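# Observations on the model geometry
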Amino acid sequence: MMPEALRTSLQARVAAAVTPREAAVDVMKELQAHYGWLTDEAVGEAARLLGLSELQVEELATFYEMIYRRPVGKKVIHVCDSISCWCACCEEIMRHLKERLGVEPGGTSADGMFTLLPCCCMGMCGDSPAMSVNGTPYGKLTPELVDEILARERALAS
Amino acid sequence: MELPLFKHNRPDRPVTFAQYRQEGGFKALEKAISGMSPTEVQQAVIDSGLRGRGGAGFPTGRKWSFVPRDLPGPRWLICNCDEMEPGTYKDRVLLEHNPYSLIEGMTLACYALGVRHAFIFIRKGYEKAAANLGRGIAEAKEAGLLGERIAGSDVSIDIDLHLSAGRYICGEETALINALEGKRPNPRSKPPFPAVKGLWDGPTVVNNVETLANIPAIVAHGPGWFKSLALNPEGAGSKLFCVSGAVTNRACFELPIGTTLGAIIDGPCGGMREGKKFKACIPGGASTQFLTAEHLNVPMDFDTVAKVGSRLGSGGVIVFEEGRCLVAATLNLIDFFARESCGWCTPCREGLPFVKEILARIEAGGGEERDLGILREHVKYLSYSFCALAPGAMAPLEGLLTHFEDEVREHISKRRCPFKGQ
Amino acid sequence: MPKLIIDDIAVEVPAGTNVLEAARSVGITIPHFCYHPALAIAGACRLCAVKLLDGPVKGIQMSCSLPAQDGMVVSTTDPEALQLRSMVIEWLMINHPHDCPVCDEGGECLLQDFTIAGGHGRRRYQGKKRTFLNQYLGEGIQHEMNRCIECYRCVRFYQDYAGGTDFGVTGSAGRVYFGRFADGALESPFSGNLVDICPTGVFTDKTGRFRARYWDYEFAPSICPHCSVGCNTSPQNFQRELIKVVARRNDQVNGWFICDRGRFDKGYVNDGRRPRQPMIDGVACGYEEALDALAGRISDFIGMNGTGSLALVGSARLSLEGAILLGELARYLDGAQLCYFADSSLSGGSLAAVQLLNEQNAASLSDLEGADCIALLDLDLMQEGPMLALAVRKAALAGAQVYLVAAEPGAAQKDLPFRCTAVGSLDEVPLEGGGQGGRRLRRRRKGARTAGPPGLDRSEVGHAAAGGERLRRGAAGP
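All values reported here derive from a predicted model rather than from experimental measurement.

### So, the overall build of chain C
A count of helical and extended segments in chain C gives 16 helices and 21 strands. In chain C, which comprises 478 residues, the share counted as buried stands at 50%. Within chain C, counting contacts between residues at least 6 apart in sequence, those at least 24 apart form 62% of the total. Surface exposure of chain C reaches about 23100 Å², of which carbon and sulfur atoms provide 53%.

This is the structure:
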């Protein structure tokens, strides 16, 4: 269930938009932040808020890289695999993460903490290789630094 | 000469509103609103020779001049901060240090174009830049430099942030307009061009962050001053070069237009990393052709880089060292473009995965002689796709086939990547 | 009227015609998938490439997106254009399952035709094909996404043209998917047109699946019997069974489309219980014998009771042929009562409407599509004539003012695929320049239309007709 405060704030966001659709991405992101991922229920809520059908919300939701339509862990790790990070051996970082979390890209660690995903250029090319954990960017990664980050993010979550 | 974009930057934190004001910030806006007509501001931008910094390099003033003056209804300005071109991070660095030049530049552009309401379209992952901008907009409003009746005049301008959710295609201006409207971000067909029929069918100008951030300096110091910043007579202004890959200092630098490629690498970048030798670079983001060692003397300016077969693009320079496999590098680039295709037109949606399959096979040692022909066909025929994504994707491939054909052939004849596990 | 040259043939076409249609007007078919005359230009498939050799535009261009202009010299057979077309086919066939033997579209498949025409015959792509899961879309349509060539025709029809919201396109890049949010019957009463509009076999008619091939069918140009709109159809018959009904193009009436009732409601035609042979008192006999018996019994009846006691009962849903013959019979049996309605006020209303209709005030669906102001008298459009609703939608999208004169506005408005203003009576419709609609009418000299249900009585019909007449005169003004 969506908390009343969130509903009110999203209704205000939609009302302030030039057209309701303009607020669609904001609404989806806020609902995702609340539910952890954009659940079917959240798609329904978004549709009602925006005056669209569920399918019309789905058309938008499935287009964007950072809207998740499947369950994810508490935190989502995105590892950039575009050219600058590739030059800086992002493949090694990905390999390390797969090993540490025991998952393939797309998978969620057994404890439900981390979902591992690749992503397109994060604009962190000067600090490559880079990844983000729930939106927090981390650059100049090494396997050791990745371990530290995992420990820190895990501690922050509990 | 002091260059306009990074001059307010502090080493470790964003410049404050007070500091920006103290260093002459918003003087250009006050000057324009109190003493210049909108047409005069537009003329200054035309005369300055400013060209779009997002990648295409289209003259900014000319783009503005396409907006019909007499159409009823609202018109719009959109700042394109959907910086997702691999190798490009200049707008992020600029905004993380200083949101005010963009805010002032947008306000000036709105004044010149008669726009009441502008948007900044910001990619996912640039939350820090968005926070700076949000704060900057509030401060500018508080100071009466944005919002209702700017600087006591009868001019009112608002700027809103629109935060996206991550897709490269949103950087294409018509796809961006669809995205902002809350539609699927497929590009629209042109004509009609956005200047005539864009956001909510109104006349719309879409400009890059860096482009708009240059406008205060042009208005403050005049078009002649701006032109003179460039090192070569064809160029104008400065450019943000964001460098990544095999150099010692991977960072974003503001340099005069016309600085040579070699001077960028050997100067602020501190040369190649760990004594490696320069092999090639991509000069302007993922969708530009490779330049090689013979191009190190090329002045980095729109026309000169185009003359040697590549593009200045976004200024995202990615440097490759000797020993780096460029088949694999091109495969990585094509993989990006194939993933980021919006899926609207056939050549892009189906052709890019085809190219990717071939390059992956060549890199894995399964390439065939005829693959070269198929790749060349794609270079030619992907140029007939709906928007510029697929032709952009073909630029590095064309560069690979032009400058490094021998390397591709070696993969095929040796039936393995010659750079791997010898 | 731009004049241009296509493959050495001089062509003159109305302004606004695209090069693809200009070529078609002189018998040259340029292969195309995403282009459809009834839908907005997409420019997505890139198959209709031609080369402009001279004139205001040069080089390879997509003929669907290119308006014909004076001085253009077009080649549809230029090697570069042919090569691009061949590559487009090759790209599309990378993922197509090549399952033509078990595909109901086989034989009437645009993808088959243009694959042959495009000259692509050998597979060079060595990777795997992508695959999708299909959805249940109801009892009318079978879904087979693997065949999709992503021309976007379906979604452009379903959402943009017909106003449906429960079917669309999700995903992106090589994973675009055309379907619903979840399995379930398509909600639009026009969903069946996906079958006609899909250039390959993604959407096939489930009600006639795996029964016969296109070339096996007997076709006849026909008119849909389900309502009075008169949509043109092409019933497909195989071995004395009606297998499918498809739309037949008529730009004055239904354009390219029909509603789902017209397409799918055909069970009664093939129903085993339907009388297929004349019978007398339950015993099968020949037609001549049956007709003779009927004539004899009518004659006996008249002999005993007089023609005044005989009523010939028809129905508003009788086919035109049947209605005419019934009238003939009534005229022959002078004095017999001919009735079509159970209620005399309905009968009076219909008669009045027919008497008031003339060549000037009768409107076709295409007139409706071009109207500036439309008043709908209390009627359930989706029941009375669904295709009327699409025509009104087209007008509304083009800026027409639509008024619904309704006792219970909310109920009737709910399912309409367009926006309309509910008013209490026809008098509230700004017919004579009072509202925006009226002003626009006079300026644009376009007629306005009223439509009503058969249930109106005589005075209501007269009132409506008078309103329509005022509008028409207003429209013909200065």
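### A closer look at the sheet that holds strand β3 (residues 131-133) of chain A
Each strand in a sheet pairs with another by means of backbone hydrogen bonds, the pair being arranged parallel or else antiparallel. Residues and elements named next belong to chain A. The strand order β2-β1-β3-β4 describes an open sheet built from four strands, whose pairing is mixed. One side of each edge strand has no neighbouring strand; the edge strands of this open sheet are β2 (114-119) and β4 (136-138). Looking at each pair of strands side by side, their axes are set apart by 20 degrees on average, direction ignored. Two elements, β3 and β4, share three bridges in a ladder whose sense is antiparallel. Counted as the bridge partner of Ser-132 is Pro-137 from β4.

### Regarding the environment of Val79(A)
Residues and elements named next belong to chain A. Here Val-79 shows up in strand β1 (residues 75-80). Once the C-alpha coordinates of Val-79 and Glu-45 are considered, the two residues, 34 residues apart in sequence, prove to be 30 Å apart. If near-sequence neighbours (up to four positions away) are discounted, Val-79 is found in contact with Cys-90, Ile-93, Met-94, Leu-97, Leu-116, Leu-117, Pro-118, Cys-119, Ala-130 and Met-131.

### Thoughts on the state of the cysteines
Under the counting rule described, the total for this entry stands at zero disulfides over all chains. No disulfide involves Cys121(A); its nearest neighbouring cysteine sulfur is the one of Cys125(A), lying 3.6 Å away. Overall, the relative accessible area of 2% leaves Cys121(A) in the buried class. Note on Cys325(B): no disulfide assigned, nearest cysteine sulfur contributed by Cys417(B) at a separation of 3.7 Å.

### Quick look at the pairing of strand β12 (residues 232-238) of chain C
Residue and element names in this part refer to chain C. Counting buried positions over the seven residues of β12 gives six, a clear majority of the element. Here strand β10 (residues 218-219) runs beside β12; their pairing, made up of two bridges, is antiparallel. In the strand pairing of β12, Glu-218 is matched with Asn-237. Sheet topology note: the strand β11 (residues 222-223)/β12 ladder contains two bridges and is antiparallel. Bridge pairing in β12 links Ile-223 to Asn-232.

### Structural notes on the nonpolar core
Judged by nonpolar contacts, the single largest core of 212 residues is most densely connected at Leu31(A), Phe33(C) and Phe178(C). With 10 residues, the top contributor of residues to this core is helix α14 (residues 326-340) of chain B. Counting residues in hydrophobic clusters, the runner-up holds 67 residues, among them Ile33(B), Ala140(B), Ala195(B) and Ile218(B).

### A short note on the packing of aromatic side chains
Residues and elements named next belong to chain B. Throughout the structure, instances matching the rule amount to 28 aromatic pairs over all chains. On the basis of an interplanar angle of 35 degrees and a centroid distance of 6.0 Å, the ring pair of Trp-76 and Phe-119 is categorised as tilted. A residue pair is termed long-range when its members are at least 10 positions apart, and Trp-76 in strand β1 (residues 76-81) and Phe-119 in strand β2 (residues 117-122) qualify at 43 residues. Under the relative-accessibility criterion, Trp-76 is labelled buried at 8%.

### Structural notes on the packing of helix α1 (residues 4-16) of chain A against helix α3 (residues 40-50) of chain A
Residue and element names in this part refer to chain A. Packing of α1 against α3 leaves a shortest axis separation of 10 Å and a crossing angle of 45 degrees. Classified by the angle their axes make, α1 and α3 are oblique. Handedness of the α1/α3 crossing: right-handed. Of the residues in α3, those touching α1 at Arg-7, Leu-10, Gln-11 and Val-14 are Glu-45, Leu-49 and Leu-50.

### Thoughts on unusual backbone geometry
Omega for the peptide link from Ser128(A) to Pro129(A) comes to -5 degrees, which places this bond in the cis form. Look at the link from Pro191(B) to Pro192(B): it is a cis peptide, with omega at 0 degrees. For Pro192(B), the location among the structural elements is in the loop between α8 (173-180) and β4 (204-208). With a phi close to 55 degrees, Glu150(C) is a non-glycine residue in the positive phi region. Counting through the fold element by element, Glu150(C) comes out in the loop between β6 (141-143) and α4 (153-161). A residue is classified by how much of its surface remains accessible, and Glu150(C), at 2% relative accessible area, is buried. Phi at Asp281(C) takes a positive value of approximately 50 degrees, unusual for a residue other than glycine. For Asp281(C), the location among the structural elements is in the loop between β14 (279-280) and β15 (283-284).

The rules behind each value
Residues numbered from 1 in each chain as written. Chains lettered and ligands numbered in written order. Predicted model: local features only at pLDDT ≥ 70, side-chain atom pairs only at ≥ 80, totals over all residues. Heavy atoms only, no water. Helix = DSSP H or I, 4+ residues; strand = E, 2+ residues; numbered from the N terminus. Buried < 20%, exposed > 50% of the residue type's maximum accessible area, 1.4 Å probe, protein only. Contact = heavy atoms within 4.5 Å. Areas by Shrake-Rupley, 256 points an atom, 1.4 Å probe, with all protein chains shown as cover. Pairing = 2+ DSSP bridges. Axes fitted to C-alpha atoms, helices over the stretch in contact; angles between N-to-C directions. Disulfide = S-S within 2.5 Å. Core = buried A, V, L, I, M, F, W, Y, C linked by side-chain atoms within 4.5 Å. Phe/Tyr/Trp six-rings, centres within 6.5 Å; stacked < 30°, edge-to-face > 60°. Parallel < 35°, antiparallel > 145°, perpendicular 65-115°, else oblique. Left-handed = near helix turned anticlockwise from the far one by under 90°.

Functional significance is not addressed by these values, which are geometric in nature.
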